[in-house]
Amino acid sequence: MRHIRPFGLLLLCIVLAAFTTIPSLPQASTRHKKMSPDYNINSFTPATAICAAWAGPATDGEKMRRFLEALTLDAYVSARHGGTGFNWRDITSLLARVERICTAEPARSLAEVWQERKTAWHRGSWKANTVRCREILAAGDCNEDAFFFGIWLYAYDQAKDGRSEATLQTLPQGGGAMVWEECERTPDARLLDVLRRMQGK
């Protein structure tokens, strides 16, 4: 019988791996608490967010939320300005620079500051328009590059469709397993096409 990977387990697996490699994110003792059902960023709106939201360094309890907001913001800005490449390590570095600017200029638009400071628009092997299912399958369940790219690509696609509200929405329950199963059936399909089919586009 084929093993279907539940979305919750996939999320937990990737987050546990990611916390060990992203120094600015919460430490091991806070992993489970920070990724609880109440932990979401659906109230974050890239089009209207201002620097005050990121003024000053994030506390341990805010680091993962701010990082996920940065993924969403980068996807939004990239979609609106022709960026196609993704590298979450570039995003963590840019986030630190933007936080410093926002501390000095809290009234500025986050999207405006992010666009000004972003220099790597196409760098990275994870590309919005070219990554195929076989690459996700090859990366495996517990690969933070693939996981964070999936979050970014989902937000990128919504921003491409012209959404100005929060671009990162929660996948339906079992969504991760649905994506994986569809990719197993169609390994040559673009991941972007699979995500769009899931949304009925």
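Just above, that's the structure.
Now for a quick tour of the structure. (Residues numbered from 1 in each chain as written. Predicted model: local features only at pLDDT ≥ 70, side-chain atom pairs only at ≥ 80, totals over all residues. Heavy atoms only, no water.)

### So, the overall build of the protein chain
Selection rule: Secondary structure elements follow DSSP: runs of H or I of four or more residues count as helices, runs of E of two or more count as strands, with numbering from the N terminus. Working definition: with a 1.4 Å probe on protein chains only, accessible area under 20% of the residue-type maximum means buried, over 50% means exposed, and in between means partly exposed. Should any heavy atoms of two residues lie within 4.5 Å, those residues are counted as being in contact. Values of accessible area rely on a 1.4 Å probe in the Shrake-Rupley scheme; residue burial ignores everything except the protein chains shown.
Per the secondary structure count, the protein chain includes nine helices and two strands. Put simply, the protein chain runs from its N terminus to its C terminus through helices and strands in the order α-α-α-β-α-α-β-α-α-α-α. Expressed as a percentage of its 201 residues, the buried residues of the protein chain come to 47%. Taking contacts inside the protein chain between residues at least 6 apart in sequence as the whole, the part at least 24 apart equals 75%. Carbon and sulfur atoms make up 53% of the accessible area of the protein chain, which amounts to about 9,600 Å² in all.

### As for the environment of leucine 153
Tracing the backbone shows leucine 153 in helix H7 (residues 144-160). Expressed as a C-alpha distance, the spacing of leucine 153 and tryptophan 126, which sit 27 residues apart in the sequence, is 9.7 Å.

### Considerations on the packing of H7 against helix H9 (residues 191-198)
Using the following cut-off: Angles here are taken between N-to-C directions and fall from 0 to 180 degrees, while the axes themselves are lines fitted to C-alpha atoms, restricted in helices to the stretch in contact. Put simply, a crossing is left-handed when the front helix is turned counterclockwise from the back one by less than a right angle, and right-handed when it is turned clockwise.
Interaxial distance between H7 and H9 falls to 10 Å at its minimum, and their mutual angle equals 65°. By crossing handedness, the relation of H7 to H9 is classed as right-handed. Here H7 contributes Phe149, Gly150, Leu153, Tyr154 and Asp157 to the contact with H9, which in turn contributes Leu191, Leu192, Leu195 and Arg196.

### With respect to the pattern of salt bridges
The cut-off we apply is this: In what follows, salt bridge is the name for a side-chain nitrogen of Lys or Arg lying within 4 Å of a carboxyl oxygen of Asp or Glu.
As enumerated under the stated definition, the model contains 17 salt bridges in all. With its nearest N and O atoms 2.8 Å apart, the salt bridge here joins arginine 108 to glutamate 112. Judged by its relative accessible area of 18%, arginine 108 is buried.

### Here we look at helix H3 (residues 63-81)
We apply this condition: Each residue after the first adds 1.5 Å to the expected span of a helix.
Here H3 is 19 residues long and its end C-alpha atoms lie 26 Å apart, about the 27 Å a rise of 1.5 Å per residue gives. Where burial is concerned, most of H3 is hidden: 15 out of the 19 residues are buried.

### Things to note about the environment of alanine 49
With respect to the helices and strands, alanine 49 occurs in the loop between helix H2 (31-34) and H3. Looking at alanine 49, the relative accessible area reads 11%, which means it is buried. Separated by 63 residues in sequence, alanine 49 and glutamate 112 have C-alpha atoms that sit 9.8 Å apart. In contact with alanine 49, other than residues within four places in its own chain, are Phe44, Ser109 and Leu110.

### A word on the environment of glycine 140
Looking at the element boundaries, glycine 140 is found in the loop between helix H6 (133-139) and H7. Since its relative accessible area comes to 21%, glycine 140 is described here as partly exposed.

### A short note on H9
Definition in use: The arc under discussion is defined with respect to the helix axis, by the directions toward the C-beta atoms.
If you check which residues of H9 are buried, you get Leu191, Leu192, Val194 and Leu195. Across the axial projection of H9, the buried residues extend over an arc of 160°, all falling on one side. Just past H9, the residue glycine 200 takes up positive phi, approximately 75°.

Any functional reading would require information beyond the geometric quantities listed.
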